[in-house]
Amino acid sequence: MSVLLILLVGVAGGTGAAARFVLDGALRSWFATTIPWSTVAINVLGSGLLGLLGGLALGAQMPLAIELIAGVGFLGGFTTFSTASVETARLIQSGQLWRAVVNGLGTAALALLAAAAGVAIGVLLIGG
């Protein structure tokens, strides 16, 4: 692994985190609810895009560096499992157990479905 690759993954990760920050702020201003829908949306979108990248990489012979920069870097910085976990814990602490269950399990289920759909679409796009 080269120093340049490490730097590019880091820059992409920072860019993904900045994109998440901007999108999260916009979504929170449009949809102010108890359940943190912006984090759910970001994690589902990121999971779908990572699935798509993985599906494309299965047969497109994509360079590993592109997968690492886009997947580990940008999408790793964009998605945020830790934020989803903390938001779920805060809902539990505030006595909103049902919302916590919806947030925690809903995010995991939707992100998994989005990732699977992304892989399937990626494979279809490369003719697999």
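Just so it is clear, the model here is predicted, and its values are computed rather than measured.

Engineer: It is not clear to me how the UniProt feature "binding site: Na(+)" (unreviewed entry) in the chain should be interpreted in this structure. Could you clarify?
Structural biologist: UniProt marks Gly 76 and Thr 79 with the feature "binding site: Na(+)" (unreviewed entry), using the numbering shown here. Considering the arrangement of structural elements, one finds Gly 76 in helix H3 (residues 64-78). With respect to the element layout, Thr 79 can be found in the loop between H3 and helix H4 (81-93). Overall, Thr 79 belongs to the partly exposed group, its relative accessible area being 24%. If sequence neighbours within four positions are ignored, Thr 79 has contacts with Arg 20, Ile 42, Asn 43, Gly 46 and Ser 47.

Engineer: Sorry, what's going on with the side chain of Asn 43 here?
Structural biologist: For Asn 43, the location among the structural elements is in helix H2 (residues 37-60). Owing to a relative accessible area of 6%, Asn 43 belongs among the buried residues under this scheme. Here Thr 80 takes part through its backbone nitrogen, which lies 2.7 Å from a polar atom of the side chain of Asn 43. Apart from the residues within four sequence positions on either side, Asn 43 is in contact with Thr 79, Thr 80, Phe 81, Ala 84, Thr 107 and Ala 111.

Engineer: It is not clear to me how the packing of helix H1 (residues 3-30) against H2 should be interpreted in this structure. Could you clarify?
Structural biologist: Axis angle and axis distance: for two packed helices, these are the angle between their axes and the distance between the axes, and together they describe the pair. Packing of H1 against H2 brings their axes to within 9 Å, and their N-to-C directions diverge by 135 degrees. The orientation of H1 relative to H2 falls into the category oblique. Read as a crossing pair, H1 and H2 show a hand that is right-handed. In this structure, H1 uses Arg 20, Leu 23, Asp 24, Leu 27 and Arg 28 to contact H2, whose residues at the interface are Ser 38, Thr 39, Ala 41, Ile 42 and Leu 45. The residue inventory of the contact of H1 with H2, partitioned by class, reads five nonpolar, two polar and three charged.

Engineer: Would you mind going over the UniProt feature "transmembrane region" (unreviewed entry) in the chain with me for this structure?
Structural biologist: UniProt feature "transmembrane region" (unreviewed entry): in the numbering of this structure it lies at residues 35-57, 64-84 and 104-126. Helix makes up 96% of residues 104-126 and strand 0%, with an end-to-end C-alpha separation of 33 Å.

Engineer: Whenever I open this one, the pattern of salt bridges confuses me. Can you help?
Structural biologist: Across all of its chains, the model carries two salt bridges by this definition. Here Asp 24 makes a salt bridge to Arg 28, at a shortest N to O gap of 2.9 Å. Residue Asp 24 and its partner Arg 28 are both found in helix H1; the two are separated by four residues, about one turn of the helix. Where Arg 28 meets Glu 87, a salt bridge forms, and the shortest distance between an N and an O atom there is 2.6 Å. Of this pair, Arg 28 sits in helix H1 while Glu 87 sits in helix H4, and the two are 59 residues apart along the sequence.

Engineer: Would you mind showing me how to read H4 here?
Structural biologist: With 13 residues, H4 should cover 18 Å at 1.5 Å per step; its first-to-last C-alpha distance of 18 Å lies within 8% of that length. Those residues of H4 not exposed but buried are Ala 84, Glu 87, Thr 88 and Leu 91. Mapping the buried residues of H4 onto a view down its axis gives an arc of 100 degrees, with all of them on the same face. Residues Ser 82, Arg 90 and Gln 93 are exposed on H4 and point more than 90 degrees away from its buried face. Directly after H4, the chain includes Gly 95, whose backbone phi takes a positive value near 80 degrees.

The rules we used
Residues numbered from 1 in each chain as written. Predicted model: local features only at pLDDT ≥ 70, side-chain atom pairs only at ≥ 80, totals over all residues. Heavy atoms only, no water. UniProt positions renumbered as here; feature names shortened; annotations may be inferred. Helix = DSSP H or I, 4+ residues; strand = E, 2+ residues; numbered from the N terminus. Buried < 20%, exposed > 50% of the residue type's maximum accessible area, 1.4 Å probe, protein only. Contact = heavy atoms within 4.5 Å. Polar contact = N/O pair within 3.5 Å; in protein donor to acceptor, adjacent residues only side chain to side chain. Axes fitted to C-alpha atoms, helices over the stretch in contact; angles between N-to-C directions. Parallel < 35°, antiparallel > 145°, perpendicular 65-115°, else oblique. Left-handed = near helix turned anticlockwise from the far one by under 90°. Nonpolar A, V, L, I, M, F, W, Y, C, P; charged D, E, K, R; others polar. Salt bridge = Lys/Arg side-chain N within 4 Å of Asp/Glu carboxyl O. Expected span 1.5 Å × (residues − 1). Arc of directions from axis to C-beta.

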